[in-house]
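Survey of secondary and tertiary structure
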Amino acid sequence: MIQAILVFNNHGKPRLVRFYQRFPEEIQQQIVRETFHLVLKRDDNICNFLEGGSLIGGSDYKLIYRHYATLYFVFCVDSSESELGILDLIQVFVETLDKCFENVCELDLIFHMDKVHYILQEVVMGGMVLETNMNEIVAQIEAQNRLEKSEGGLSAAPARAVSAVKNINLPEMPRNINIGDLNIKVPNLSQFV
């Protein structure tokens, strides 16, 4: 099972942090720092698997990572996961990000955090791998984008309603509004218009 997914830059700034095991926030920050230091001190031509840090479980867990340009993608997994399978999963995740953002970069992870989390949830949920077919993941992301665009008209509806009420051309403001047994006195609002 996947315990955590961490993405941080070359300076150790976390860009994506997702834990599938409950840790207090302070411990999570320590885990990110420890993981960064463990991964950073490794040479580029060394294996991409290493023993988990002391905070996340030590030798019972493995850190599997890939370094792309300025970002480290690190998956912390238990012994039931295949190292090569997780490396392939990292590749699928990065390629999916690349396809959705057209040449993904660190800024995409910062400014489109909601979309990055949605993509991650299409790949991994609750620490379990859901989907590894990149075409299927991209199809779901595109469907979500179409849904958001179609709802875009609905989110602007309140502003259009206020604008329409302001533009109503009534000859005279009503002083009393009667609805059944309900009688409402309208104050003089001319001073606010």
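Below or above, wherever it landed, is the structure these notes cover. This one's a predicted model, so the numbers in the text were calculated from it and none came from an experiment. (Residues numbered from 1 in each chain as written. Predicted model: local features only at pLDDT ≥ 70, side-chain atom pairs only at ≥ 80, totals over all residues. Heavy atoms only, no water.)

As summarised here, the arrangement of the 5 strands in space is S2-S1-S5-S4-S3, forming an open sheet in which the pairing is antiparallel. This sheet does not close on itself; its edge strands, each paired only once, are strand S2 (14-19) and strand S3 (49-51). On average, each strand axis in the sheet is inclined to that of its neighbour by 20°, with strand direction left out of account. Those strands touched by helix H1 (residues 25-40) are strand S1 (2-9), S2, S3, strand S4 (61-68) and strand S5 (71-78), and its axis lies near 70° from that of S1. Lying on the sheet, helix H4 (residues 113-123) is in contact with S1 and S2; it crosses S2 at an angle near 40°. (Pairing = 2+ DSSP bridges. Helix = DSSP H or I, 4+ residues; strand = E, 2+ residues; numbered from the N terminus. Axes fitted to C-alpha atoms, helices over the stretch in contact; angles between N-to-C directions. Contact = heavy atoms within 4.5 Å.)

The set of residues buried in H4 consists of Val116, Ile119, Leu120, Glu122 and Val123. Buried residues in H4, looked at end-on, bunch into an arc of 155°, giving them a common side. (Buried < 20%, exposed > 50% of the residue type's maximum accessible area, 1.4 Å probe, protein only. Arc of directions from axis to C-beta.)

Here the focus is the nonpolar core. Counting 28 residues, the largest nonpolar core has Ile2, Phe73, Phe75, Ile86 and Phe93 as its most contacted members. Contributing elements (two or more residues each) for this core: S1, S5, helix H2 (83-101), H4 and helix H5 (134-155). At 10 residues, H2 tops the list of elements feeding residues into this core. Excluding its chain neighbours within four sequence positions, the residues that come into contact with phenylalanine 93 are Leu16, Phe73, Val116, Ile119, Leu120 and Val123. (Core = buried A, V, L, I, M, F, W, Y, C linked by side-chain atoms within 4.5 Å.)

Okay, the packing of aromatic side chains next. Going through the model one piece at a time under the given rule, you end up with 5 aromatic pairs. Taken together, a centroid distance of 5.8 Å and an interplanar angle of 35° make the contact between phenylalanine 8 and tyrosine 72 tilted. Taken together, the positions of phenylalanine 8 in strand S1 and tyrosine 72 in strand S5 put the pair 64 residues apart, joining distant regions of the chain. Phenylalanine 8 gets classed as buried once you look at its relative accessible area, which sits at 0%. Given the relative accessible area of 7%, tyrosine 72 is considered buried. Taken together, the ring pairs connect Phe8, Phe36 and Tyr72 into an aromatic cluster. Of note, lysine 115 hangs over the ring of phenylalanine 101, and the distance from its end group to the ring centre comes to 5.2 Å. (Phe/Tyr/Trp six-rings, centres within 6.5 Å; stacked < 30°, edge-to-face > 60°. Lys NZ or Arg CZ within 6 Å of the ring centre and 35° of its normal.)

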